[in-house]
Amino acid sequence: MNGSTDHPEDGRPLPSATRALEEVPEDARQDAPRGAAAASSADSRTGADPYGEDDDAAPGGASAVRDPGAGPRRARSRLGDPLRSPRFAAPATRTKRAWWLLGATLLIPGSAQLVAGKRVVGRVAVRITAVVWALILLAVVLWFVWRTALVWLLTNSVTSALLMYGLVALAIGWVLLWFDTLRIIRPGLLGDGMRRGVVITTVLAMVLTGGGLGYAAHLVSVARHAVSDIFGGGMPFSAADGRYNILLMGGDAGEDREGRRPDSMTVLSIDASSGQTVTVSLPRNLQNVPFPDSSPMHSVYPDGFNCGDECIMNAVYTDVMQNHKDLYPDVEDPGAQATKEAAEGVTGLTIQAYALIDMDGFASLVDALGGIDMNVGGRVPMGGGTNLDTGEKNPILGWIEPGVQHMDGYHALWYARSREGATDYDRQARQRCVQAAMLAQLNPVTVATKFDELASSGQQILETDIPQASIGSMVTVATKAKNHELQAYAAGPPYYDQSFPTYPDYEQFRSDLADVLKKASGDGAQAGAAGGAASSSAGTGVSAAGGGVTGAGIGTAAVVPAALKVSTEETLSPNGTCSVP
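Residues numbered from 1 in each chain as written. Predicted model: local features only at pLDDT ≥ 70, side-chain atom pairs only at ≥ 80, totals over all residues. Heavy atoms only, no water.

### Here we look at the overall build of the protein
1) Next: Along its length, the protein carries 18 helices and 14 strands.
2) Next: Taken across its 581 residues, the protein has 42% of its residues classed as buried.
3) Next: Of the roughly 30100 Å² that the protein leaves accessible, carbon and sulfur atoms contribute 58%. (Helix = DSSP H or I, 4+ residues; strand = E, 2+ residues; numbered from the N terminus. Buried < 20%, exposed > 50% of the residue type's maximum accessible area, 1.4 Å probe, protein only. Areas by Shrake-Rupley, 256 points an atom, 1.4 Å probe, with all protein chains shown as cover.)

### Remarks on helix α16 (residues 451–461)
1) Next: Listed as buried for α16 are Leu454, Ala455, Ser457, Gly458 and Ile461. The arc that holds the buried residues of α16, viewed along the axis, is 165°, so those residues lie on one side. (Arc of directions from axis to C-beta.)

### Considerations on a nonpolar patch on the surface
1) Next: On the surface, Trp133, Ile136, Leu137, Val140, Val141, Trp143, Phe144, Val145 and Trp146 cluster together into a nonpolar patch covering about 1000 Å² of accessible area.
2) Next: Note that Trp143 resides in helix α6 (residues 119–145).
3) Next: The exposure class of Trp143 is partly exposed, given its relative accessible area of 33%. (Patch = residues over 30% accessible without salt bridge, like charges linked within 9 Å, V, L, I, M, F, W, Y side chains within 5 Å. Salt bridge = Lys/Arg side-chain N within 4 Å of Asp/Glu carboxyl O.)

### Description of the state of the cysteines
1) Next: This structure, assessed with the given rule, holds two disulfides.
2) Next: Across the disulfide from Cys307 sits Cys311; the S-S distance is 1.2 Å.
3) Next: Classification of Cys307 by relative accessible area gives partly exposed; the value is 36%.
4) Next: Classification of Cys311 by relative accessible area gives buried; the value is 4%. (Disulfide = S-S within 2.5 Å.)

### Thoughts on the environment of Met474
1) Next: With respect to the element layout, Met474 can be found in helix α17 (residues 471–481).
2) Next: By relative accessible area, Met474 is classed as buried at 15%.
3) Next: Taking the C-alpha atoms as reference points, Met474 and Val151, separated by 323 residues in sequence, lie 9.5 Å from one another.
4) Next: When near neighbours in sequence (up to four residues on either side) are disregarded, Met474 contacts Phe237, Tyr244, Ile246 and Ile466. (Contact = heavy atoms within 4.5 Å.)

### Regarding the packing of aromatic side chains
1) Next: With the rule as written, the count across this model stands at ten aromatic pairs.
2) Next: Judged by centre distance (5.9 Å) and plane angle (15°), the ring pair of Tyr489 and Phe509 falls under stacked. With Tyr489 in strand β10 (residues 487–490) and Phe509 in helix α18 (residues 506–519), the pair connects residues that are 20 residues apart, well separated along the chain. As far as burial versus exposure is concerned, Tyr489 and Phe509 are alike and both buried.
3) Next: Connected via pairs of aromatic rings, a cluster forms that spans Tyr489, Tyr495, Tyr496, Phe500 and Phe509.
4) Next: The cationic tip of Arg147 hangs over the ring face of Trp143; the distance from NZ or CZ to the ring centre is 4.0 Å. (Phe/Tyr/Trp six-rings, centres within 6.5 Å; stacked < 30°, edge-to-face > 60°. Lys NZ or Arg CZ within 6 Å of the ring centre and 35° of its normal.)

### Some remarks on helix α13 (residues 409–417)
1) Next: Those residues of α13 lying buried are Gly409, Ala412, Leu413, Tyr415 and Ala416. The buried side chains of α13 occupy one side of the element, clustering within an arc of 160° when seen end-on.

### Remarks on the confidence of the model for the protein
As a general rule, the predicted coordinates of low-pLDDT regions are not to be interpreted in detail.
1) Next: Chain-level pLDDT for the protein is 78 on average; 75% of the residues reach the 70-or-more range.
2) Next: Throughout residues 16–21 the model reports pLDDT below 50, and contacts reaching past four residues in sequence, or to other chains, amount to eight contacts. (pLDDT = per-residue confidence, 0-100.)

### A few points about the pattern of salt bridges
1) Next: In total, this model carries six salt bridges according to the counting rule given.
2) Next: A salt bridge links Asp180 to Arg183; the nearest nitrogen and oxygen atoms lie 3.1 Å apart. Linking Asp180 with Arg183, this pair stays in helix α8 (residues 157–185), spanning three residues, or about one helical turn.
3) Next: Using a relative accessible area of 14% as the deciding quantity, one classes Asp180 as buried.
4) Next: Classification of Arg183 as partly exposed rests on a relative accessible area of 49%.
5) Next: Linking Arg243 and Asp271 is a salt bridge whose minimum nitrogen-to-oxygen distance equals 3.8 Å. Residue Arg243 is found in strand β1 (residues 243–252), and its partner Asp271 is found in strand β2 (residues 261–271); the two are separated by 28 residues along the sequence.
6) Next: Asp271 sits in the buried class, given a relative accessible area of 4%.
7) Next: Via salt bridges that share partners, Lys118, Asp180 and Arg183 belong to a single interconnected network.

### Some thoughts on the nonpolar core
1) Next: Formed by 43 residues in total, the largest nonpolar core has its most connected members in Leu282, Val289, Met313 and Phe509.
2) Next: Where this core is concerned, the elements lending two or more residues are β1, β2, β3 (277–282), α10 (316–323), α11 (334–347), β4 (353–358), β10 and α18.
3) Next: Judged by nonpolar contacts, the second largest core, of 24 residues, contains Ala368, Met374, Met407 and Ala412. (Core = buried A, V, L, I, M, F, W, Y, C linked by side-chain atoms within 4.5 Å.)

### Focus on the environment of Leu268
1) Next: Summarising the element assignment, Leu268 is placed in strand β2.
2) Next: For the pair Leu268 and Tyr244, spaced 24 residues apart in sequence, the C-alpha separation works out to 7.8 Å.

Set out below in structure tokens:
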């Protein structure tokens, strides 16, 4: 190229390699001869511009050594990077870039800012995203290996508050990132149709992500208030002999009643290891119920609750609230506590807690669930009975017909409580079916979509002494219980003669119940037993004293006074037969 006659437009001759080398200072040439030779050799191999017009070429054209006095290096041009400079990109590239940035913000919030050059914002957002995903992974692991601890964290007042405020902050932050991503996309550079699509997609993503996190924060807030209103404080309780025993009571204080009386009493006995649950129905008309020695009521009724015909089991609540509240000075609901102690005396079980449902508000809870489905065995009247003031018959308001029925709260309440043409045992059987139908309806979708209504209804109608600290263990065993059908037992028909509540043999009943629970404990728990709370069917047989009862896969003895004539077969009427479809 030496001696070339080509000249640029300004008339200056192109520098030759010799002249270019001569223009380099002597000390620089001596300091880096190898660098210059290497650069010259590399240029010859790679075909670099011999005139020094490459963007990265050193000013002097031939030497790789930079003059120390030349000032700071100029940054490499970003005009060719479509992620940072979409103005000079092709339309198809701009479109791909827009969707790529939206997808990055959806999957890894902050990554779009990171690649677009906003490193501070991007790094902070990506780190927060990593922490959130780590917490989610930890929660999943805890759900499988230590569910009780996870539920405790979610229901604890301090950690649930942190979770609520954290979700709000994440929702706001994610929405701001969507706005910034839209700015980075520069919708004005897109075609009209694509611009509208990107803007609409961004708005929908804001609603789904920010709105979803905001709704989750709302659910946490509702749950916090419900937990604090329904559940008490105190230390958690543990299983007794491998079982959790909870007394469920349904009652009301109607205008025709003096005080609240539980109409239905059922002990849920749950095996702590397997979750197998046995429902033990206690007839409201059980007489002479014993109180354990540890109960304050034992000193009042040492020989059992035997103050007359009116002293049946569901009258314990009223008697304590009217006459013996002073025996329970530190108890919020002395009547419920005394009834729980009476249930312990009847069953011989350690009952850790009770839950009392006010039947006046029961309909609202069923409505909050969206109704329940029931397979009705026989016609059940709505209404009937006798007016205590006039002595006249109450009118029949309607009928619940046989077959599969979807019941709202009004009809479900009548179905559970109707007395017309039914025995107490028919009513108890129907109530067990209603309980099972409600449990079946409590699926994750229903809970998530109707959480506000369920929480509000629960606060209005549910009273319990279960401490907040035990919610985790209760959720754990409830999850296990979903793998089993409820097994049923009762201190009356169809497992005993109808006279059993009037002439009970509690020692025999406790012995029989212990055998039933033994079959439903640990590895021997029987899943899928027919005739549980999900199904109350007729045709269950009972023999005379010393014989055996067969029904629902459970055998027991029916003990009645020898002087009484015992029917060879006790059955539920069609009024009391039902199942959950």
